[in-house]
Amino acid sequence: MQAIESVDEVFLLLECGGGEAYFGEPVTVLEHSLQSAWFVRQKGGEDSLVAAALLHDLGHLLHNEGEDVADRGMDTQHEELGAAALTGHLPDVVLDPIRMHVAAKRYLCHANPRYFAALSPASVESLALQGGPMTEQEAAEFLVMAHAKEAVALRHADDAAKVPGLKVPELASYRSLVEQLWN
Ligand SMILES: [Fe+2]
């Protein structure tokens, strides 16, 4: 498992690897990450959730499975990869929403049929690999987990962050925010 040891490494990874297409969506991983962070901020989210949004898909940059991985029927568990790589450096209020952003999608598909109907085709494809919508029991267990609410808020920003060409603040503008949370 790849660990990330510094803020420099985080930003390099996003800068260099983030230019790749984002899994069947019309934006790159970096554009998607910046839009996610921006949407959380627009909704008045805490700095910790802005950081979680910026870094939530870092796991996609840590595996070498390529952009068409879901088409090949594989779930890379990028949410676990990303959170694990950052463990020890960021607080749980950042790591938990990253780790739980796929669970939050499965939760929302259970809780809200309109949410499922609005998912992008690529997101529907990966949902099947990620376990499909939660059952009643899984949803009840999810809701009592620490930072479930934050994970759901992150998920909504994540789903919206697929707008081609949207102008949002650049990566460097988040540097001090991440540094302040970093250990
Ligand atoms: Fe995402």
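Structure first, text after, so check above.
All figures in this text were calculated on a predicted structure; none of them were measured in a lab. (Residues numbered from 1 in each chain as written. Predicted model: local features only at pLDDT ≥ 70, side-chain atom pairs only at ≥ 80, totals over all residues. Heavy atoms only, no water.)

Overview of the layout of surface pockets
For clarity, the threshold we go by: Definitions used for this entry: grid spacing 1 Å over protein atoms alone; cavity, a set of points where a 1.4 Å probe fits but cannot get out; pocket, an open set with protein on both sides within 12 Å along at least 5 of 7 lines; lining residue, one with an atom within 4 Å of a point. Grid points are joined across faces, edges and corners, and a volume is the space filled by probe spheres set on the points. Strands are runs of DSSP state E lasting at least 2 residues, helices are runs of H or I lasting at least 4, and numbering of each runs from the N terminus. Three categories are distinguished: nonpolar for Ala, Val, Leu, Ile, Met, Phe, Trp, Tyr, Cys and Pro, charged for Asp, Glu, Lys and Arg, and polar for the others, with Gly belonging to the last.
Computed from the structure, the largest pocket encloses a volume of approximately 380 Å³. Considering the residues around the largest pocket, the lining is formed by 27 residues, among which Phe23, His60, Ala70, Ala122 and Ser126 are closest to the centre. Those elements that place two or more of their residues in the lining of the largest pocket are α5 (92-111), α7 (121-129) and α9 (148-160). Split into classes, the residues belonging to the lining of the largest pocket amount to 8 nonpolar, 8 polar and 11 charged.

Notes on the packing of helix α3 (residues 47-55) against α5
Note the threshold: Every angle, taken between N-to-C directions, lies between 0 and 180 degrees, and every axis is a line fitted to C-alpha atoms, over only the stretch in contact when it is a helix. Orientation labels follow simple angle bins: below 35 degrees gives roughly parallel, above 145 gives roughly antiparallel, 65 to 115 gives roughly perpendicular, and whatever is left gives oblique. Each crossing gets its handedness from the near helix: less than a right angle anticlockwise from the far helix is left-handed, clockwise is right-handed. What makes two residues a contact is simply this: any of their non-hydrogen atoms within 4.5 Å.
It is the contact of α3 with α5, at a shortest axis distance of 8 Å, that shows an interaxial angle of 40°. The angle between α3 and α5 falls in the class oblique. Crossing of α3 against α5: the hand is right-handed. Contacts between α3 and α5 involve Ser48, Leu49, Ala51, Ala52 and Leu55 from the former and Val93, Val94, Pro97 and Ile98 from the latter.

Some remarks on the packing of aromatic side chains
Our working definition: Think of it this way: a Phe, Tyr or Trp ring, Trp meaning its six-membered ring, pairs with another when their centres are within 6.5 Å, and the plane angle makes it stacked under 30 degrees, edge-to-face over 60, tilted otherwise. Burial here depends on accessible area, computed with a 1.4 Å probe over protein chains only, as a share of the maximum for the residue type. Under 20% is buried, over 50% is exposed, and the range in between is partly exposed. Charges are assigned to positions over rings by a cutoff of 6 Å between ring centre and Lys NZ or Arg CZ, combined with an angular limit of 35 degrees from the ring normal.
Across all of its chains, the model carries 1 aromatic pair by this definition. On the numbers, 5.2 Å between centres and 25° between planes, the contact of tyrosine 107 with phenylalanine 142 is stacked. With tyrosine 107 in helix α5 and phenylalanine 142 in helix α8 (residues 136-143), this pair connects stretches of sequence that are 35 residues apart. Phenylalanine 142 carries the same exposure label as tyrosine 107, and that label is buried. The residue whose ring lies beneath arginine 175 is phenylalanine 11, and the NZ or CZ to ring-centre distance is 5.2 Å.

A closer look at the environment of alanine 146
Relative to the assigned elements, alanine 146 resides in the loop between α8 and α9. For the pair alanine 146 and methionine 100, spaced 46 residues apart in sequence, the C-alpha separation works out to 10.0 Å.

Considerations on the pairing of strand β2 (residues 25-28)
Quick note on the threshold: Following DSSP output, two strands are said to pair if at least two bridges run between them.
Pairing geometry for strand β1 (residues 21-22) and β2, over 2 bridges, is antiparallel. For alanine 21, the partnering residue across the bridge sits in β2 and is threonine 28. Here β1 folds back onto β2 in antiparallel fashion, the turn holding 2 residues, of which phenylalanine 23 has a positive phi close to 40°.

With respect to the side chain of histidine 89
Quick note on the threshold: Each polar contact in these results corresponds to two N or O atoms within 3.5 Å; when the atoms are within protein, one needs to be able to donate a hydrogen and the other to accept it, and residues that are neighboring in sequence are counted only if both atoms are side-chain atoms.
Within the element layout of this structure, histidine 89 appears in the loop between α4 (78-86) and α5. Classification of histidine 89 by relative accessible area gives buried; the value is 13%. Within polar-contact distance, the side chain of histidine 89 engages the backbone oxygen of isoleucine 4 at 3.1 Å. In contact with histidine 89, not counting residues within four places along its chain, are Ile4, Glu5, Leu181, Trp182 and Asn183.

Some words on unusual backbone geometry
One non-glycine residue, histidine 147, adopts positive backbone phi at about 65°. The residue histidine 147 is located in the loop between α8 and α9 in this model.

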